[in-house]
Amino acid sequence: MDSGGGPCVSADVAAGVPPAAALFHSLADETRLRIVQRLARGEARVVDLTTELGLAQSTVSKHLACLRDCGLVDYRAEGRQSFYSLTRPELMDLLTSAEHLLAATGHAVALRPRPAPAPPGPPDLSQAAPGEVEAVS
């Protein structure tokens, strides 16, 4: 089902590959990791993923099918649209552990999405001297 990255977990397990090896094989593909990273921020449609990741629709669909076969991703239908999301929050724990392990071996990477910075708020006037107020636009 997967183009270029080999079979997914269910196909690997059916072929006699131990489940742990099959899971890591399914996450060994950069495109699938990028999809997982994006879905960790919230659900998305195929069109959202193709736009955000700069990939062809057929590529995204094949990788989503693989991740669905793995049980890591599922979708909900709303009208004619499908919204994909992660099914296993434990996957973020696995990615966190992988980040720590890679950093310890000198290969720091970011596998989990980082929270967006908070928008700038109004200035903190509590530190202003008496009678001194900053202009707020």
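The model shown is predicted, which means the values in this text are computed figures rather than measured ones.

Novice: Which parts of the structure should I look at to understand the packing of aromatic side chains?
Specialist: What describes a pair of aromatic rings is the distance from one ring centre to the other and the angle between the planes of the rings. A complete count under the given rule lists 1 aromatic pair for this structure. One cation-aromatic arrangement involves R76 over F83; the distance from NZ or CZ to the ring centre is 4.6 Å.

Novice: Hey, could you run me through the packing of helix 3 (residues 30–40) against helix 6 (residues 90–104) in this one?
Specialist: When two helices pack together, their arrangement is captured by the angle between the axes and the distance separating the axes. Helix 6 packs onto helix 3 with a crossing angle of 120° between their chain directions and a minimal axis gap of 11 Å. As judged from the angle between their axes, helix 3 and helix 6 are oblique. Remark: the crossing between helix 3 and helix 6 carries left-handed chirality. Contact residues: L33, V36 and A40 in helix 3; L91, M92 and L95 in helix 6. When its residues are assigned to classes, the contact of helix 3 with helix 6 shows 6 nonpolar, no polar and no charged.

Novice: Would you mind showing me how to read the pairing of strand 2 (residues 81–86) here?
Specialist: Consecutive side chains along a regular strand alternate between the two faces of the sheet. Of the strand pairs in this sheet, strand 1 (residues 73–78) and strand 2 are connected by 6 bridges, and their pairing is antiparallel. Of the residues in strand 2, the one forming a bridge with R76 is F83. Between strand 1 and strand 2, which pair antiparallel in sequence order, lie 2 residues; one of them, G79, sits at a positive phi of approximately 65°.

Novice: Explanation requested: the state of the cysteines in the structure shown.
Specialist: A covalent bond between the sulfur atoms of two cysteines is what we call a disulfide. Within this structure, the stated rule accounts for 0 disulfides. As a non-bridged cysteine, C70 has C66 as the owner of its nearest cysteine sulfur, 4.2 Å distant. Judged by relative accessible area, which is 15%, C70 ranks as buried.

Novice: What should I look at first to understand the environment of L49 in this one?
Specialist: Position of L49 relative to the elements: it lies in helix 4 (residues 46–53). You can call L49 buried: its relative accessible area is 0%. For L49 and S61, which are 12 residues apart along the polypeptide, the C-alpha to C-alpha distance reads 9.5 Å.

Novice: Just checking my understanding: could you explain the packing of helix 4 against helix 5 (residues 57–69) for this structure?
Specialist: Close contact between helix 4 and helix 5 brings their axes to 9 Å; oriented N to C, the two are set at 115°. As helix 4 runs across helix 5, the sense of the crossing is right-handed. Between helix 4 and helix 5, the contacting residues are V46, L49 and T50 on the first element and Q57, V60, S61 and L64 on the second. In terms of residue class, the contact of helix 4 with helix 5 is made up of 4 nonpolar, 3 polar and no charged.

Novice: Explain the layout of surface pockets to me, please; I cannot follow it from the model alone.
Specialist: Where empty space is left becomes clear once a probe the size of a water molecule has been rolled over the atoms. Taken as a whole, the largest pocket spans an internal volume of roughly 160 Å³. Lining the largest pocket are F24, L27, L33, L94, L95, S97, A98, L102 and L111. A breakdown of the residues in the lining of the largest pocket according to their chemical character gives 8 nonpolar, 1 polar and no charged.

Novice: Is there a simple way to think about the nonpolar core in this case?
Specialist: Grouped burial of nonpolar side chains is what soluble globular proteins tend to show. In this structure, I35, L39, L49, L64, L72 and V73 are the most contacted members of the largest nonpolar core, which totals 23 residues. Those elements that place two or more of their residues in this core are helix 3, helix 4, helix 5 and helix 6. When residues of this core are assigned to their parent elements, the largest contribution, 4 residues, is made by helix 5. Discounting chain neighbours no more than four positions away, the residues touching L49 are I35, R38, L39, A44, G54, V60 and L64.

Basis of the calculations
Residues numbered from 1 in each chain as written. Predicted model: local features only at pLDDT ≥ 70, side-chain atom pairs only at ≥ 80, totals over all residues. Heavy atoms only, no water. Phe/Tyr/Trp six-rings, centres within 6.5 Å; stacked < 30°, edge-to-face > 60°. Lys NZ or Arg CZ within 6 Å of the ring centre and 35° of its normal. Axes fitted to C-alpha atoms, helices over the stretch in contact; angles between N-to-C directions. Helix = DSSP H or I, 4+ residues; strand = E, 2+ residues; numbered from the N terminus. Parallel < 35°, antiparallel > 145°, perpendicular 65-115°, else oblique. Left-handed = near helix turned anticlockwise from the far one by under 90°. Contact = heavy atoms within 4.5 Å. Nonpolar A, V, L, I, M, F, W, Y, C, P; charged D, E, K, R; others polar. Pairing = 2+ DSSP bridges. Disulfide = S-S within 2.5 Å. Buried < 20%, exposed > 50% of the residue type's maximum accessible area, 1.4 Å probe, protein only. 1 Å grid on protein atoms, 1.4 Å probe; cavity = no way out; pocket = protein on both sides within 12 Å on 5 of 7 lines; lining within 4 Å. Points joined across faces, edges and corners; volume = space filled by probe spheres on them. Core = buried A, V, L, I, M, F, W, Y, C linked by side-chain atoms within 4.5 Å.

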